[in-house]
Amino acid sequence: MSTSKTTQQQIYAEDMSEEKVEFALDIAQEGFNQASFKGKVYSYIAQFIRAGFEKAYGKGWNVVVGRSFGAYVTHEIKTYMYCSVVPGVCVLIWRCEGEPT
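In every chain, residue numbers begin from 1 and rise along the written sequence. At least 70 in pLDDT is required for a residue's local features to be given in this predicted model, at least 80 for side-chain atom pairs to be given and counted, and no such filter applies to totals for whole chains, interfaces and linings, which use all residues. Where side-chain values are given, they derive from all heavy atoms of the structure, hydrogens and water being excluded.

**Considering the overall build of the protein chain**
- A run of DSSP states H or I qualifies as a helix once it reaches four residues; a run of E qualifies as a strand once it reaches two. Both are numbered from the N-terminal end. Helix and strand content of the protein chain: 3 helices and 4 strands.
- For the protein chain, the sequential pattern of α-helices and β-strands runs α-β-α-α-β-β-β.
- We call a residue buried when its accessible area falls under 20% of the maximum for its residue type, exposed when it is over 50%, and partly exposed in between, using a 1.4 Å probe and counting protein chains only. Residue burial in the protein chain is summarised as follows: out of 101 residues, 39% are buried.
- Residue contacts are counted whenever heavy atoms from the two residues lie within 4.5 Å of one another. Across the protein chain, contacts joining residues at least 24 apart in sequence account for 58% of those joining residues at least 6 apart.
- Here, Shrake-Rupley sampling with a 1.4 Å probe gives the accessible areas, and only protein chains in the shown set may cover a residue. Put simply, the protein chain shows about 6000 Å² of open surface, and 51% of that area lies on carbon and sulfur atoms.

**Points about the packing of aromatic side chains**
- Any two rings among Phe, Tyr and Trp, with Trp reduced to its six-membered ring, count as a pair given centres within 6.5 Å; such a pair is stacked if its planes are under 30 degrees apart, edge-to-face if over 60, and tilted if neither. Applying the stated criterion across every chain yields a total of 8 aromatic pairs.
- Plain terms: the ring middles of Phe-23 and Phe-53 are 5.1 Å apart, the flat faces sit at 80° to each other, and that makes the pair edge-to-face. Here Phe-53 lies in helix α3 (residues 41-57) and Phe-23 lies in helix α2 (residues 18-33), a separation of 30 residues in the sequence.
- Phe-53 gets classed as buried once you look at its relative accessible area, which sits at 0%.
- Geometrically, the ring pair formed by Phe-53 and Trp-61 is tilted, given 4.6 Å between the ring centres and 45° between the ring planes.
- These aromatic residues form a ring-pair network of at least three members: Phe-23, Phe-53, Tyr-57 and Trp-61.

**Observations concerning the nonpolar core**
- In these notes, a set of buried Ala, Val, Leu, Ile, Met, Phe, Trp, Tyr and Cys residues joined through side-chain atoms within 4.5 Å is what counts as a nonpolar core. Membership of the largest hydrophobic core comes to 22 residues, with the highest contact counts inside it found for Ile-49, Phe-53, Val-65, Val-91 and Ile-93.
- Apart from the residues within four sequence positions on either side, Ile-93 is in contact with Met-16, Ala-24, Ile-49, Phe-53, Trp-61, Asn-62, Val-63, Thr-79, Tyr-80 and Met-81.

**So, the environment of Cys-96**
- Turning to its location among the elements, Cys-96 is positioned in the segment after β4 (89-95).
- Once the C-alpha coordinates of Cys-96 and Trp-61 are considered, the two residues, 35 residues apart in sequence, prove to be 7.0 Å apart.
- If we ignore the near neighbours within four places in the chain, the residues touching Cys-96 are Gly-60, Asn-62, Thr-74 and Glu-76.

**Let's talk about unusual backbone geometry**
- For Lys-78, which is not glycine, the phi torsion reads 65° and is therefore positive.
- Counting through the fold element by element, Lys-78 comes out in the loop between β2 (61-66) and β3 (79-86).
- Since its relative accessible area comes to 42%, Lys-78 is described here as partly exposed.

Function cannot be inferred from these measures alone, as they are strictly geometric.
What follows is the structure, given as structure tokens:
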């Protein structure tokens, strides 16, 4: 892990296990590092992160990536994180209550 990567990562709010926090930061960074995406960059990154979470932790995950948005979400305990891995761009990850696994 490079030092510059670590210093750019910021967690604003989280309710996740350490394992999921590390996974979230890694998969988000990987999404931003993808060189082959076209079109709507933030939509692609959100889908990339969501697919990674659903593969690792089951269905029902939601992801929003962007520069300027507000959100109020109800989430399962230990399934929420609001962070940034690239300056000026935020990532919101959560799993809705009652979603099937």
